[in-house]
Amino acid sequence: MNVGDPIEQSALDRRWRLWASAAVGGILVVGAVIGMLVLPNFQRENAALDLWTAICRAVGITEGSPAYRQPITTAQALPVSQVAWDPDVLDILANANPQQGAQIAAQVCVACHGENGVSSVLEYPSLAGQSSAAIYKQLSDYRSGARVHELMTPYAAQLTVPQLASVSVYYGRFAQQATGLGGRDLPGDDYIVKLAREGDSARALPACDSCHVPGAGGPIETPVLTGQNLQYLAAQLRAYKTGDRQNDVYRRMRDISEKLTEQEIDGLARYYRGVLF
Amino acid sequence: MIDHGATERRILKTELRWAVFVGFLVLMILGAIVYAGISMHINPPSNREFIDPKTLHLSGEFTEANLGTSVDTDGQVTTRVIATQFSFVPQCVVVPANRTVTLRFASPDVIHGILVSGTNVNTMVVPGYVSQVHTEFTRTGDLLMPCHEYCGFGHSQMLATVRVVPPEQFRPGPDGKVTCG
Ligand SMILES: [Cu+2]
């Protein structure tokens, strides 16, 4: 038998394997004693628990419970958005019929939002470039009254949810076409460009681009801003700022717009204006 | 011939040295955990509470109108905060000093985390769960509450303020609410 032979090696290592196992096991035991006996004993007073309950909770036998029962709240969310991205809604969007959407678009939407979703009326948004989720969210909010507009509210109220979804999916199809369109007419203001791309930590202002570029990873309903009409963008930021518009879930845009100055609103709207046509 | 015995002993010596070093590190880490647990009251959250992240904003405890600090009829101070991409709602909360405060957090989107600087308040905010912390603030003033779990491109701008006021300046309105404004 040679040195280095697996069997001899195994016999030689035996003692060390035992020691190593004992060391690892010992650390586990010490850790368990600290975590499940020592610390619960020192910390139980904070939650007004007796020792046995504290140990049972640390071990995981007894479920931890709120030390103070929470009252049942019935607060309602109106007029904040009623849209929740549950599987039912995603199903409706996934199964929507774009041909039906195209018909509705041709009858109703084109007048203001333009051919192929590019609006030449600068107060109205272009729909090209937006995801179907973004369009669906706004249409649903018009329908529920969370967002109000003299023309959009009655149009959205006339349509059924599947019809809204079909329009959203129809316009969502222009998304990829539009992202490649046009160049950006960058204003010279470096400060605005920095605000849009990097945000401002001192004012807790996240960069616009951290949500508003395709695939940024923000909320699913976030619209894309590139190429959007200047007047429309500035008007929306001001509406959020004054609280006239409140359908942003959890004040995401209201809290940001409140911190922006009038010059910053105009500057950002100009920055995102695209040259689409 | 190579002296296998000598090589063996040399390897053994190195291995033992490293084993002692690693053992020392493990003990240091355990010691730090015990120290933090006993002297700074740092402990894992004790409650496990589920909540549907998709419908948080629609009704119940974490609707926009119900967020912030409120005082129950029995005097219990509860602060409810939403962590979302990329802000806390509300952006500033008021709490009284030297009184037990229950902080409750929820997320409608991704995993966030919070810590209140200079205190033992530190927890992750995981969608689907309510993160709850009981604490007592002792230092008055504006404390910074940043998000400490990477949550997306706007993570580094995700900050809120915890305003700790002396108990006599903590005056809830008729609805039991206290706000920064
Ligand atoms: Cu975060």
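Residues numbered from 1 in each chain as written. Chains lettered and ligands numbered in written order. Predicted model: local features only at pLDDT ≥ 70, side-chain atom pairs only at ≥ 80, totals over all residues. Heavy atoms only, no water.

Some details on the overall build of chain B
Phase 1: Secondary structure assignment for chain B yields 1 helix and 11 strands.
Phase 2: Listed by position from the N terminus, the elements making up chain B come as α-β-β-β-β-β-β-β-β-β-β-β.
Phase 3: For 181 residues, the compact-globule estimate of 2.2 N^0.38 gives 16 Å, and chain B exceeds it by more than 25% at 23 Å.
Phase 4: Summarising its shape, the C-alpha atoms of chain B cover approximately 90 × 35 × 30 Å along the three principal directions.
Phase 5: Counting the 181 residues in chain B, one finds 44% classified as buried. (Helix = DSSP H or I, 4+ residues; strand = E, 2+ residues; numbered from the N terminus. Rg over C-alpha atoms; globule rule 2.2 N^0.38 Å. Buried < 20%, exposed > 50% of the residue type's maximum accessible area, 1.4 Å probe, protein only.)

A look at the side chain of Q130(A)
Phase 1: Positionally, Q130(A) belongs in the loop between α4 (98–113) and α5 (132–144).
Phase 2: Among the polar contacts listed, one links the side chain of Q130(A) to the backbone nitrogen of V224(A), at a separation of 2.7 Å. (Polar contact = N/O pair within 3.5 Å; in protein donor to acceptor, adjacent residues only side chain to side chain.)

A look at the pairing of strand β6 (residues 112–115) of chain B
Residues and elements named next belong to chain B.
Phase 1: By the bridge criterion, 4 bridges tie β6 to strand β7 (residues 122–125) in an arrangement that is antiparallel. If you follow I114 over to β7, its bridge partner there is T123.
Phase 2: Between β6 and β7, which follow one another and run antiparallel, lie 6 residues, and G118 among them has a positive phi close to 80 degrees. (Pairing = 2+ DSSP bridges.)

Considerations on the interface of chain B and chain A
Phase 1: In this assembly, 53 residues from chain B lie in contact with 53 residues from chain A.
Phase 2: It is H57(B), E64(B) and Q157(B) that lose the most area in chain B upon contact with chain A, and together they represent 16% of the buried surface on that side.
Phase 3: Among the ionic pairs, E64(B) bridges to R254(A), the shortest N-O distance being 2.8 Å.
Phase 4: On the surface where chain B and chain A come into contact, there are 12 residue pairs in polar contact (both at pLDDT 80 or more).
Phase 5: Going through the elements one at a time, α1 (4–39), β2 (77–84), β3 (87–89), β5 (100–106) and β8 (131–136) of chain B are the ones with two or more residues in the side of chain B that touches chain A.
Phase 6: At 10 residues, the largest contribution of residues to the side of chain B that touches chain A is made by α1(B).
Phase 7: Considered class by class, the residues forming the side of chain B that touches chain A number 19 nonpolar, 24 polar and 10 charged. (Contact = heavy atoms within 4.5 Å. Buried area = accessible area lost by both parts, 1.4 Å probe. Salt bridge = Lys/Arg side-chain N within 4 Å of Asp/Glu carboxyl O. Nonpolar A, V, L, I, M, F, W, Y, C, P; charged D, E, K, R; others polar.)

Remarks on the environment of E45(A)
All names here are of chain A.
Phase 1: Among the secondary structure elements, E45 is positioned in the loop between α1 (6–43) and α2 (51–59).
Phase 2: In this structure E45 comes out as exposed when scored by relative accessible area, which is 65%.
Phase 3: Along the chain, E45 and Q236 lie 191 residues apart, while their C-alpha atoms are 52 Å from each other.

Observations regarding the confidence of the model for chain A
Phase 1: Confidence in the prediction of chain A, expressed as mean pLDDT, is 83, and 86% of residues score 70 or more.
Phase 2: For chain A, helix α8 (residues 175–179) of chain A is the element with the lowest average pLDDT, namely 58, and helix α11 (residues 252–259) of chain A is the one with the highest, namely 93. (pLDDT = per-residue confidence, 0-100.)

Section: the pairing of β2(B)
Residues and elements named next belong to chain B.
Phase 1: Among the 8 residues that make up β2, 8 are buried, leaving the element largely enclosed by the rest of the structure.
Phase 2: Side-chain alternation along β2 places V77, T79, V81 and A83 on one buried face and T78, R80, I82 and T84 on a second face that is also buried.
Phase 3: Sheet topology places strand β1 (residues 68–71) next to β2; 4 bridges connect them, and they run antiparallel. Paired with T69 across the two strands is T79, which belongs to β2.
Phase 4: The antiparallel pairing of β1 with β2 creates a hairpin that spans 5 residues between the two strands, and G75 there sits at a positive phi of about 90 degrees.
Phase 5: Bridge count for β2 against β5 is 6 bridges, and the pairing is parallel. Bridging from a neighbouring strand, R80 pairs with R104 of β5.
Phase 6: In the sheet, β2 pairs with β3 via 3 bridges, with the strands oriented antiparallel. Within the sheet, the bridge partner assigned to A83 lies in β3 and is F88.

Here's the deal with the state of the cysteines
Phase 1: Under the defined criterion, the tally for this structure stands at 1 disulfide over all chains.
Phase 2: C211(A) carries a free sulfur, and the closest cysteine sulfur to it, the one in C151(B), is 9.4 Å from it. (Disulfide = S-S within 2.5 Å.)

As for the packing of helix α9 (residues 190–198) of chain A against helix α12 (residues 262–272) of chain A
Residue and element names in this part refer to chain A.
Phase 1: For the pair α9 and α12, the least separation of the axes is 9 Å and the interaxial angle reads 75 degrees. Of the possible angle classes, the one that applies to α9 and α12 is roughly perpendicular. On the side of α9, the interface is formed by Y191, I192, V193, L195, A196 and R197, while α12 contributes Q263, E264, G267, L268, Y271 and Y272.
Phase 2: Grouping the amino acids of the contact of α9 with α12 by side-chain chemistry returns 8 nonpolar, 2 polar and 2 charged. (Axes fitted to C-alpha atoms, helices over the stretch in contact; angles between N-to-C directions. Parallel < 35°, antiparallel > 145°, perpendicular 65-115°, else oblique.)

Examining the confidence of the model for chain B
Phase 1: In this model, chain B carries a mean pLDDT of 89, and residues with pLDDT of at least 70 account for 97%.
Phase 2: Interface confidence for the predicted complex, given as ipTM, is 0.78, next to a pTM of 0.80.

Observations concerning the coordination of the copper ion
Residues and elements named next belong to chain B.
Phase 1: Taken together, the protein donors to the copper ion comprise H112 (ND1), C147 (SG), C151 (SG) and M158 (SD), at separations of 2.0 to 2.5 Å.
Phase 2: Given 4 donor atoms and angles of 100 to 124 degrees at the metal, the environment of the copper ion is assigned as tetrahedral.
Phase 3: For the copper ion, all donor residues lie on one chain, and their spacing in sequence is H-x34-C-x3-C-x6-M. On the criterion of sequence distance, the pair formed by H112 in strand β6 and C147 in the loop between β9 (141–146) and β10 (159–165) is long-range, its members being 35 residues apart. Like C147, H112 is buried. (Donors = N, O, S within 2.8 Å, 3.2 Å for Na, K, Ca; no water. Tetrahedral: all angles 85-135°; square planar, octahedral: opposite > 155°, others 65-115°.)

Considering the domain arrangement of chain A
Phase 1: Partitioning chain A into domains gives domain 1 (18–67), domain 2 (87–172) and domain 3 (190–273).
Phase 2: Computed over C-alpha atoms, the centres of domain 1 of chain A and domain 3 of chain A are 48 Å apart. (Domains from an automatic or database assignment.)

Quick notes on a nonpolar patch on the surface
Residues and elements named next belong to chain A.
Phase 1: Together, V29, V33, M36, L37, V59 and I61 make up a nonpolar patch on the protein surface, roughly 510 Å² of accessible area in all.
Phase 2: Here the element with the most residues in the nonpolar patch is α1; it accounts for 4 residues.
Phase 3: Looking at the secondary structure, you find I61 in the loop between α2 and α3 (87–94).
Phase 4: For I61, a relative accessible area of 67% translates into the label exposed. (Patch = residues over 30% accessible without salt bridge, like charges linked within 9 Å, V, L, I, M, F, W, Y side chains within 5 Å. Areas by Shrake-Rupley, 256 points an atom, 1.4 Å probe, with all protein chains shown as cover.)

Structural notes on the packing of aromatic side chains
All names here are of chain B.
Phase 1: Counted by the stated rule, this structure contains 5 aromatic pairs over all chains.
Phase 2: Between W18 and F21, the ring centres sit 5.6 Å apart and the planes meet at 85 degrees, which makes this aromatic pair edge-to-face. Placement of both W18 and F21 in helix α1 is noted, with a separation of 3 residues, approximately one turn of the helix.
Phase 3: Between F50 and Y129, the ring centres sit 5.3 Å apart and the planes meet at 45 degrees, which makes this aromatic pair tilted. Note that F50 is positioned in the loop between α1 and β1 and Y129 in the loop between β7 and β8, a separation of 79 residues in sequence. (Phe/Tyr/Trp six-rings, centres within 6.5 Å; stacked < 30°, edge-to-face > 60°.)

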